[in-house]
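These are the residues of each chain, in order.
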Amino acid sequence: EKSAVITLDDGWVTGYNEAWPILKKFDYPFTMFIYTDYVKGGPKAGGGSMTWEQLAEMRDAGVDIGGHSVSHSSLNARKGKTDEEYREWLRHELADSKQMIEQNLGIKVKTIAYPYGIHNEAVREAVKEAGYEAAFTVYGQHLNHGADAMQLGRYAVDSTNPEVFKDKVLAFPNAGTASSGSTISTASTIAGSQPMDGETITNPSPEIKVNLSSLGNVDPKSVTMRLSGIGLVPATYDTETKMLSY
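It should be emphasised that the depicted structure is a prediction, and the values quoted were computed from it without experimental measurement.

A. Here's a closer look at the overall build of the protein. The helix and strand inventory of the protein stands at five helices and ten strands. Counting every position in the protein, which comprises 246 residues, the buried fraction comes to 40%. When contacts within the protein are restricted to residue pairs at least 6 apart in sequence, those whose partners lie at least 24 apart make up 53%. Element-wise, carbon and sulfur atoms account for 51% of the exposed surface of the protein, whose accessible area totals about 13700 Å².

Next comes the structure, spelled out in structure tokens:
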């Protein structure tokens, strides 16, 4: 019995050509989160885009299809918009993309992955209003029955850190415990982080701090920081204060 569910974001054709055959071989359930502007024929489509026909084929094979907005813009991006303009823009990104997927694939879209994992209270409320039942971040955290349906965590797996997948599958149902080489909880799940979750800031390059004292003693060499849309950054970890900063 598999203890992990895989999700693929954006709608790259490599998900169809490469990931899907491997996932089928090992019988892993997975979800495709797509942003509609990137599907073949859309304004952001390119040579690496999937087609609606390919998505329909995956749908028929049992693959779940979820939303990822219209344009893959950060849903917190309200700069230059009035309150009314921002609400309408959010509605378009969330509700219109959901409707487009449902119309093209004849399915009910119940889930969404926040672009870059970014969200705040206004975004979460708009997600509910658009009719989604659950929303996923990129915060590495174990899911349980008490998890907030609008802030479900996922572990990001990439070619530079493939051990994350193995560590977390082997660690279930205790995936939240820290282990050497593992990706552990992020600012969203650890008290004392700066900026705070959902906080509005004006500094385009703020100092980011995460207090890891609640995790106990961890190997300093195992502590790293990744930022959505940027990747690994040269953060500093103070072993005395247990503060990770960048």
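B. Geometry of the packing of helix H2 (residues 52-60) against helix H3 (residues 83-105). Interhelical geometry of H2 versus H3 gives an angle of 75 degrees and a closest axis separation of 10 Å. In terms of axis orientation, H2 runs roughly perpendicular to H3. Packed against H2, whose contacting residues are Trp52, Leu55, Ala56 and Arg59, the element H3 presents Met100, Ile101, Asn104 and Leu105 at the interface. The residue makeup of the contact of H2 with H3, split by class, is six nonpolar, one polar and one charged.

C. A look at the environment of glycine 66. Positionally, glycine 66 belongs in strand S3 (residues 64-67). Separated by 34 residues in sequence, glycine 66 and methionine 32 place their C-alpha atoms 5.9 Å apart. In this structure glycine 66 touches Thr31, Met32, Phe33, Ile34, Ile101, Val109 and Thr111, once residues within four positions along its chain are discounted.

D. Examining the packing of aromatic side chains more closely. If you walk through the whole model with that rule in mind, you get five aromatic pairs. Centre to centre, the rings of phenylalanine 33 and phenylalanine 136 are 5.7 Å apart; their planes meet at 45 degrees, and the pair counts as tilted. Of this pair, phenylalanine 33 sits in strand S2 (residues 30-34) while phenylalanine 136 is found in strand S5 (residues 134-136), placing the two residues 103 residues apart along the sequence. For the pair formed by phenylalanine 33 and phenylalanine 136, the shared burial category is buried.

E. The arrangement of the pattern of salt bridges in detail. Within the structure shown, the criterion is met by eight salt bridges. One salt bridge connects aspartate 9 with arginine 154, and the closest N-O pair in it is separated by 2.9 Å. Pair noted here: aspartate 9 is in strand S1 (residues 6-10) and arginine 154 is in the loop between S5 and helix H5 (163-171), with a separation of 145 residues, a long-range link. A salt bridge links lysine 128 to glutamate 125; the shortest N-O distance between them is 3.5 Å. Of this pair, lysine 128 and glutamate 125 are both found in helix H4 (residues 121-129), three residues apart, which corresponds to roughly one turn of the helix.

F. Region of the structure containing H4. All of the buried residues along H4 are Val123, Arg124, Ala126 and Val127. Taken around the axis of H4, the buried residues stretch over an arc of 160 degrees, which confines them to a single face. Away from its buried face, by an angle of more than 90 degrees, H4 presents the exposed residues Glu121 and Glu129. Summarising the contacts, the buried residues of H4 are in contact with H3, strand S4 (111-113) and S5. Looking at where H4 begins, the residue whose side-chain oxygen comes 3.1 Å from the main-chain nitrogen of alanine 122 is asparagine 120. At the exit of H4 stands glycine 131, carrying a positive phi of roughly 100 degrees.

G. Spatial organisation of the pairing of S1. Pairing geometry for S1 and S2, over five bridges, is parallel. By the bridge assignment, threonine 7 is partnered in S2 with threonine 31.

H. Seen up close, the environment of lysine 128. Overall, lysine 128 belongs to the partly exposed group, its relative accessible area being 45%. Once the C-alpha coordinates of lysine 128 and alanine 149 are considered, the two residues, 21 residues apart in sequence, prove to be 10.0 Å apart.

I. Representation of the pairing of S3. In this structure, S2 lies alongside S3, joined through four bridges in parallel fashion. Bridging across to S3, isoleucine 34 finds its partner in glycine 67. In this fold, S2 hands off to H2, which returns the chain to S3; that crossover is right-handed.

J. Focus on the sheet that holds strand S9 (residues 236-238). Overall, antiparallel pairing links the three strands, which are arranged S6-S10-S9 in an open sheet. Each of the sheet's edge strands pairs with one partner strand only, and the pair in question is strand S6 (209-211) and S9. Sheet twist, expressed as the average angle between the axes of neighbouring strands with direction ignored, equals 15 degrees. Looking at chain direction, S9 and strand S10 (residues 243-245) are connected through three bridges and run antiparallel. Counterpart to aspartate 238 in the pairing with S10 is methionine 243.

So, how was this worked out
- Residues numbered from 1 in each chain as written.
- Predicted model: local features only at pLDDT ≥ 70, side-chain atom pairs only at ≥ 80, totals over all residues.
- Heavy atoms only, no water.
- Helix = DSSP H or I, 4+ residues; strand = E, 2+ residues; numbered from the N terminus.
- Buried < 20%, exposed > 50% of the residue type's maximum accessible area, 1.4 Å probe, protein only.
- Contact = heavy atoms within 4.5 Å.
- Areas by Shrake-Rupley, 256 points an atom, 1.4 Å probe, with all protein chains shown as cover.
- Axes fitted to C-alpha atoms, helices over the stretch in contact; angles between N-to-C directions.
- Parallel < 35°, antiparallel > 145°, perpendicular 65-115°, else oblique.
- Nonpolar A, V, L, I, M, F, W, Y, C, P; charged D, E, K, R; others polar.
- Phe/Tyr/Trp six-rings, centres within 6.5 Å; stacked < 30°, edge-to-face > 60°.
- Salt bridge = Lys/Arg side-chain N within 4 Å of Asp/Glu carboxyl O.
- Arc of directions from axis to C-beta.
- Polar contact = N/O pair within 3.5 Å; in protein donor to acceptor, adjacent residues only side chain to side chain.
- Pairing = 2+ DSSP bridges.
- Right-handed = clockwise from strand over helix to strand, strands pointing away.

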